Number of protein chains: 2
Amino acid sequence: DAPIEADTYHMGPGTLRISRKVLHGKLRARLLERLQAALPEEKRGLVLLEGGKETHLYSSDGEPLFRQESYMHYLFGVQECDWLGALCVKTGCSLLFMPRLPESYAVWMGRLKGPEEFKAKYGVDAVHYVDEMPDVIRGMAPPCLHVLHGVNTDSGLTVSPPQSPAENIPLETGTLYDIITECRVIKIPEEIEIIRYANVIGSAGHIAAMRSAKPGVMEYCVESAFLHHCYTAGGCRSPMFTPIAASGTNAAILHYGHAGAPNDRQTGPGELLLLDAGCEYYVYGSDITTTWPVGGKFTPQQRVVYEAVLAAQRDVERAMKPGVAWTDMHALAYRRILEGLLAAGVVGGGSVEELLEADIGGLFMPHGLGHFLGLNTHDVGGYPPGSPARSSRPGFRSLRTSRVLQPGMVITVEPGCYFNPALLMPALQDPVKSKYLVRDAVLSYMAVGGVRLEDNVVVTESGIERLTQVPRSPEEVEAVMAGADWP
Amino acid sequence: DAPIEADTYHMGPGTLRISRKVLHGKLRARLLERLQAALPEEKRGLVLLEGGKETHLYSSDGEPLFRQESYMHYLFGVQECDWLGALCVKTGCSLLFMPRLPESYAVWMGRLKGPEEFKAKYGVDAVHYVDEMPDVIRGMAPPCLHVLHGVNTDSGLTVSPPQSPAENIPLETGTLYDIITECRVIKIPEEIEIIRYANVIGSAGHIAAMRSAKPGVMEYCVESAFLHHCYTAGGCRSPMFTPIAASGTNAAILHYGHAGAPNDRQTGPGELLLLDAGCEYYVYGSDITTTWPVGGKFTPQQRVVYEAVLAAQRDVERAMKPGVAWTDMHALAYRRILEGLLAAGVVGGGSVEELLEADIGGLFMPHGLGHFLGLNTHDVGGYPPGSPARSSRPGFRSLRTSRVLQPGMVITVEPGCYFNPALLMPALQDPVKSKYLVRDAVLSYMAVGGVRLEDNVVVTESGIERLTQVPRSPEEVEAVMAGADWP
Ligand SMILES: [Mn+2]
Ligand SMILES: [Mn+2]
């Protein structure tokens, strides 16, 4: 283990130790290099990021647990709300601005730490109070403030710049967003180490969940077993996203588990359970899906679907390396899944080529094959300027990126095959699509619900490293469900 | 168990069954009666409430788990985001307006339920789409729309009214807020039953947490044991508030556990752990605090502090009944705590009367004795118009209500005694206050940290019913820590 210094983040014995100074220092240095390359000397100002603010539960005094905004966390690692951070593009000097809390807060929040203590904690060059910011920034006399301004390509939401804290210093919105977003796409080794840790903990959380299950268990008990393991054994306080614990036909609902469908079904014997859950450590996360029979044994139909999805995942992971287009991997997944369904007689009426051409793949896997992963579950940078545009083809249009793989990208590989009535029932009525569907077989497979298998991988120089370590073959899954050791 | 109907909320076998139709029907009927009493017939319009909206994690597509706004939940129990609800003050007719989602959402969110299905689920008179709302409301031709407008007395935040969905129908902001807020203060039996359930589950969660602990455990493991029990055994997905699991001197920090101090300390032998945690079921909650030695045995100093707090809690609960002023209960708690500290030689230099007069109580318990509890942890209605104003006296000014007790109020009883350096170190320097503090004793007690004991009680016609059932005497606590059965 690395030693525990003032700037070390960790959650106690056995948890990962992170040097904030090293991690964020390296991330700032790389950003600085790219900004300097993009900006002539006289246009090099001060990067200014506004961190997340305190929020309330509606009008009450309830305060949801604060979670830092991802760009702010990326550059500075600040855990507390209402901070700002700055980075001088000329000198590389890093600054933080902290709120000045009244002394009386100490009774409620604990001893108030001052700028010097936070400077050591965050490993920056200086920490000032927010109320000193206008003077500090004016004193540095930057030609401008480089601020975030752009659109998140998954949410469509605009990242809006903060107001200038010094009236006469203009905001510059054209440079920072694209450059820092691209930095976030290519992870440095220190970031990969955290995501690897979140995968070690999250993988073990899936095992704990599998072991907790038996027919009749409520879906949410499986979710809770996952959460409890990740927190207790890994110090991961929050899930990376609302867990999906979907049994039976619920597995076909891609975002099951939300408030309107809150993992509240009782599982039945012979059903599959699809668990899509990841944990968060130091704001970085994992995003893992396993699918397994609550009763411990796959039925023949479940196995057909499972093996088709597993073949897709294995072959995609084998084919992945720098230079490979993600859209080709998506197509490869469709090919393997359709091959499996064709062999089982669920689809037909043509060759796999014809089925692919007719977009039958999207009827069974309507989502993209995977997404970048990092400080957000659907991490940024999927469609930057100059990269291939979003496809309009069914299935492909849901892809969260269409980029060519590069070393350092962390991406999920999550093929799935679902029997979703909202897609398949209309398709059975459709004159073109129904040609390729074997009606009785499709209807008889509806009870399978769906299978998704999701790994997190990092692209290396020659291929990938798989970060997720969960049982994948049906034999491994059945063995773990029966109590075998894992790994 | 009540039968499971279309309008039943429950989380599976063994969890509480709630008839939405009965619960919200009664709550609406009582509100209606009071609004009719307050409004002449020609001024009786339509109550219009806007529910909570979908939120995002900053600019990402991450969606935090939706939690309904409390007033909207109170009247209608709607679990989903982006709804509105209306109640005709003339006729009592209840209406809901649901968002019209595109058919394609079915793939991601599950089969789309229509208005008829939701009408049965929520037990209202009619459900329409939000886009039909202007026409529906115009068709009812109400003289005005009664909307929420007021200030939450705990947060200081303003509850702002929605825009009128029909231009020519004016908003009326003067009536609804105070009346519905007062309704929320006095719980009906169906509400008390839910809070009782949240207390049964939360109490057992505390027992699970106590049993999981031993010296060296991380504070967050205790938190996780609580959460896991409440979810698995009770179907309570969310804590009512961010849990506080504070060991050693952290127990003196009233709101420990937040993002800047996230229950991340390793406990030591001989320390107390203060666990303030409650769970949420159907948005109603519990708020329970236990304090216990991680090693299983109280030290003599810990026992002194613990017994002083316990005496305060017991005597307050014995004294509570309709007609009693909450401020008097707060003073009674100070009296018992100071008596305990006086007997132990921690305070001195005067009688208990003199210590009370000199506000020495507030140095050891700087927070209020308790708060209303319901759909918010700090539930609404503490300082309504016409009730006693907030005191400016130390300790008393932190009271979240100064009201006289009435049957149906659900309130926490949470005396505490803390050795908080932010309060006591300056007091030891203060010429007046230091007179009453035994310096060496105060300093030697600092390591105790603090003790808080929090029960949830409902005021009855003749006294109270305690909803919380956790071990309280030092003997009970030590027995449970040693593995004895509870209850
Ligand atoms: Mn994913
Ligand atoms: Mn409380």
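Cut-offs applied
- Residues numbered from 1 in each chain as written.
- Chains lettered and ligands numbered in written order.
- Predicted model: local features only at pLDDT ≥ 70, side-chain atom pairs only at ≥ 80, totals over all residues.
- Heavy atoms only, no water.
- Helix = DSSP H or I, 4+ residues; strand = E, 2+ residues; numbered from the N terminus.
- Rg over C-alpha atoms; globule rule 2.2 N^0.38 Å.
- Buried < 20%, exposed > 50% of the residue type's maximum accessible area, 1.4 Å probe, protein only.
- Contact = heavy atoms within 4.5 Å.
- Donors = N, O, S within 2.8 Å, 3.2 Å for Na, K, Ca; no water.
- Expected span 1.5 Å × (residues − 1).
- Buried area = accessible area lost by both parts, 1.4 Å probe.
- Salt bridge = Lys/Arg side-chain N within 4 Å of Asp/Glu carboxyl O.
- Polar contact = N/O pair within 3.5 Å; in protein donor to acceptor, adjacent residues only side chain to side chain.
- Nonpolar A, V, L, I, M, F, W, Y, C, P; charged D, E, K, R; others polar.
- Axes fitted to C-alpha atoms, helices over the stretch in contact; angles between N-to-C directions.
- Parallel < 35°, antiparallel > 145°, perpendicular 65-115°, else oblique.
- Least-squares fit on C-alpha atoms with pLDDT ≥ 70 in both.
- Core = buried A, V, L, I, M, F, W, Y, C linked by side-chain atoms within 4.5 Å.
- Left-handed = near helix turned anticlockwise from the far one by under 90°.
- Domains from an automatic or database assignment.
- Pairing = 2+ DSSP bridges.
- 1 Å grid on protein atoms, 1.4 Å probe; cavity = no way out; pocket = protein on both sides within 12 Å on 5 of 7 lines; lining within 4 Å.
- Points joined across faces, edges and corners; volume = space filled by probe spheres on them.
- Phe/Tyr/Trp six-rings, centres within 6.5 Å; stacked < 30°, edge-to-face > 60°.

Asks: Would you take a moment to explain the overall build of chain A for this structure?
Replies: A count of helices and strands for chain A gives 15 helices and 20 strands. Computed over its C-alpha atoms, the radius of gyration of chain A comes to 24 Å, within 12% of the 23 Å expected for a compact globule of 487 residues. Out of the 487 residues in chain A, the part that is buried amounts to 60%. Expressed as a percentage of contacts within chain A between residues at least 6 apart in sequence, the contacts between residues at least 24 apart total 72%.

Asks: Looking at this structure, how should I read the coordination of the manganese ion (ligand 1)?
Replies: Geometrically, a metal with four donors at the corners of a regular tetrahedron has ideal angles of 109.5 degrees, and one with six donors at the corners of a regular octahedron has ideal angles of 90 or 180 degrees. Residues and elements named next belong to chain A. The protein atoms that coordinate the manganese ion (ligand 1) are Asp287 (OD), His371 (NE2), Glu414 (OE) and Glu454 (OE), at distances of 2.1 to 2.4 Å. Along the chain, the residues donating to the manganese ion (ligand 1) are arranged with the sequence spacing D-x83-H-x42-E-x39-E. In this pair, aspartate 287 is assigned in the loop between β14 (284-285) and β15 (288-293) and histidine 371 in the loop between α12 (361-364) and β16 (410-413), connecting sequence segments 84 residues apart. Both residues of the pair, aspartate 287 and histidine 371, count as buried.

Asks: Where do I start with helix α10 (residues 326-343) of chain B in this structure?
Replies: Count 3.6 residues to each turn of an α-helix, and residues three or four apart come out pointing the same way. All names here are of chain B. With 18 residues, α10 extends 26 Å from end C-alpha to end C-alpha; this agrees with the ideal 26 Å at 1.5 Å per step. Of the residues making up α10, those classed as buried are Trp326, Met329, His330, Leu332, Ala333, Tyr334, Ile337, Leu338, Gly340 and Leu341. Buried positions along α10 lie against α9 (300-319), α11 (352-357), α12 (361-364), β16 (410-413) and β17 (416-418). Directly beyond the C-terminal end of α10, a positive phi value near 80 degrees is found at glycine 345.

Asks: For this particular structure, what's the right way to read the interface of chain B and chain A?
Replies: Buried accessible area, meaning the area lost when the parts come together, often serves as the stated size of an interface. On the chain A side, the residues contacting the 65 residues of chain B number 66 residues. Contact between chain B and chain A buries roughly 5400 Å² in total, counting both sides, with carbon and sulfur atoms accounting for 59%. When the buried surface of chain B facing chain A is broken down by residue, B:Tyr58, B:Val107 and B:Trp108 rank first, second and third, together holding 14% of it. Where chain B packs against chain A, one counts 4 salt bridges. Close ionic contact of A:Arg400 with B:Asp61 constitutes a salt bridge, the shortest N to O distance being 3.1 Å. The interface formed by chain B and chain A contains 30 residue pairs in polar contact (both at pLDDT 80 or more). Among the elements of the structure, α3 (105-109), α8 (219-234) and α13 (421-429) of chain B are those that each provide at least two residues to the side of chain B that touches chain A. The biggest single contributor to the side of chain B that touches chain A is α8(B), with 8 residues. For the side of chain B that touches chain A, the class distribution of residues is 27 nonpolar, 27 polar and 11 charged.

Asks: Got a minute to help me understand the packing of α9(B) against helix α15 (residues 474-481) of chain B in this structure?
Replies: Helix-helix packing is described using two parameters, namely the angle between the two axes and the distance between the axes. Residues and elements named next belong to chain B. At a closest axis distance of 11 Å, the pairing of α9 and α15 adopts a crossing angle of 120 degrees. When the axis of α9 is compared with that of α15, the two are oblique. Seen from α9, the contacting residues are Arg303, Tyr306, Glu307 and Leu310; seen from α15, they are Pro474, Glu475, Val477 and Glu478. Partitioned by chemical class, the residues of the contact of α9 with α15 number 4 nonpolar, no polar and 4 charged.

Asks: Explain the coordination of the manganese ion (ligand 2) here, please?
Replies: Residues and elements named next belong to chain B. The coordination sphere of the manganese ion (ligand 2) contains the protein donors Asp287 (OD), His371 (NE2), Glu414 (OE) and Glu454 (OE), at a distance range of 2.1 to 2.4 Å. Counting residues between consecutive donors of the manganese ion (ligand 2) along the chain gives the motif D-x83-H-x42-E-x39-E. Of this pair, aspartate 287 sits in the loop between β14 (284-285) and β15 (288-293) while glutamate 414 sits in the loop between β16 and β17; the two residues are 127 residues apart in sequence, bridging distant segments of the chain. Taking relative accessible area as the criterion, aspartate 287 reaches 3% and is therefore assigned buried.

Asks: Which parts of the structure should I look at to understand the relation of the copies chain B and chain A?
Replies: Both copies of the chain are placed relative to one another by a rotation about an axis and a shift along it. Its rotation angle being 180 degrees, the transformation that places chain B on chain A also includes 0.0 Å of axial translation and leaves an RMSD of 0.0 Å. This pairing of chains is accounted for by a two-fold axis. Considering only C-alpha atoms, the residue of chain B closest to the rotation axis is B:His228, which sits at 3.0 Å. When the interface residues of chain B are mapped onto chain A, 100% of them again fall at the interface, so both copies present the same face.

Asks: Got a minute to help me understand the nonpolar core in this structure?
Replies: Proteins that are soluble and globular tend to have nonpolar side chains buried together. One finds A:Phe364 and B:Phe364 to be the most contacted residues of the largest nonpolar core, which totals 259 residues. Not counting residues up to four positions away in its chain, the partners in contact with A:Phe364 are A:Leu338, A:Leu341, A:Val346, A:Val347, A:Gly416, A:Cys417, A:Tyr418, A:Phe419, A:Leu424 and A:Leu437.

Asks: Looking at this structure, I do not really get the packing of helix α1 (residues 20-38) of chain A against helix α6 (residues 176-185) of chain A. What am I missing?
Replies: Residues and elements named next belong to chain A. Closest axis-to-axis distance for the α1/α6 pair is 10 Å, and the angle between their directions is 140 degrees. Of the possible angle classes, the one that applies to α1 and α6 is oblique. Of the two elements, α1 crosses α6, and the hand of that crossing is right-handed. Facing α1, whose interface residues are Arg30, Leu31, Arg34, Leu35 and Ala38, α6 presents Leu176, Ile179, Ile180, Glu182 and Cys183.

Asks: Could you clarify how one ought to interpret the domain arrangement of chain A in this entry?
Replies: Residue and element names in this part refer to chain A. Partitioning chain A into domains gives domain 1 (8-185) and domain 2 (189-481). Taking the mean C-alpha position of each, domain 1 and domain 2 sit 35 Å from one another. For the pair domain 1 and domain 2, the summed buried surface comes to about 2600 Å²; carbon and sulfur atoms form 56% of the total. Per-residue buried area on domain 1 facing domain 2 is highest for Leu16, Asp154 and Val185; these three make up 24% of the total on that side. If you look at where domain 1 meets domain 2, you find 5 salt bridges. Residues aspartate 154 and arginine 400 are paired through a salt bridge, measuring 3.0 Å at the closest nitrogen-oxygen approach. Counting across the domain 1 and domain 2 interface gives 14 residue pairs in polar contact (both at pLDDT 80 or more). Contributing elements (two or more residues each) for the side of domain 1 that touches domain 2: α1, α2 (70-76) and α6. Classifying every residue of the side of domain 1 that touches domain 2 gives 11 nonpolar, 10 polar and 8 charged.

Asks: How should the side chain of A:Lys187 be read in this particular structure?
Replies: Residues and elements named next belong to chain A. Along the polypeptide, lysine 187 turns up in the loop between α6 and α7 (189-212). Overall, the relative accessible area of 6% leaves lysine 187 in the buried class. One polar contact links lysine 187 to aspartate 379, side chain to side chain, over a distance of 2.8 Å. Apart from residues no more than four positions distant in its own chain, lysine 187 is found in contact with Ile192, Ile195, Leu373, Gly374, Asp379, Gly408 and Val410.

Asks: Could you clarify how one ought to interpret the sheet that holds strand β3 (residues 46-50) of chain B in this entry?
Replies: Residues and elements named next belong to chain B. Pairing in this open sheet of 6 strands is mixed, and the strands run β6-β5-β4-β3-β7-β10 from one edge to the other. What marks the edges here is a single partner per strand, and that holds for β6 (126-129) and β10 (171-172). Docked against the sheet, helix α4 (residues 115-122) engages β5 (94-98) and β6, running at close to 140 degrees with respect to β6.

Asks: What am I meant to see in empty space enclosed by the protein here?
Replies: The probe, sized like a water molecule, is rolled over the atoms to show the empty space still left. Summed over all chains, the structure comprises 2 cavities of 30 Å³ or more. Put simply, the largest cavity is a space of about 70 Å³. Lining the largest cavity are 13 residues, with A:Ser59, A:Ser60, B:Glu69, B:Tyr71 and B:Asn376 sitting closest to its centre. Breaking the lining of the largest cavity down by element, the ones donating at least two residues are α2 (70-76) and α6 (176-185) of chain B. Residues that form the lining of the largest cavity fall into these classes: 6 nonpolar, 5 polar and 2 charged.

Asks: Which parts of the structure should I look at to understand the packing of aromatic side chains?
Replies: For any pair of aromatic rings, the description consists of the separation of the ring centres together with the inter-plane angle of the planes. A full pass over the atoms with the stated rule returns 24 aromatic pairs over all chains. With 5.2 Å between their ring centres and 10 degrees between their planes, A:Tyr231 and B:Tyr220 make a pair best called stacked. Placement of A:Tyr231 in helix α8 (residues 219-234) and of B:Tyr220 in helix α8 is noted, with the two residues assigned to different chains. When the centroid spacing of 5.6 Å and the interplanar angle of 70 degrees are considered together, the rings of A:Phe364 and A:Phe419 count as edge-to-face. In this pair, A:Phe364 sits in helix α12 while A:Phe419 sits in the loop between β17 (416-418) and α13 (421-429), placing the two residues 55 residues apart along the sequence. Here A:Phe364 matches A:Phe419 in class, with each residue buried.

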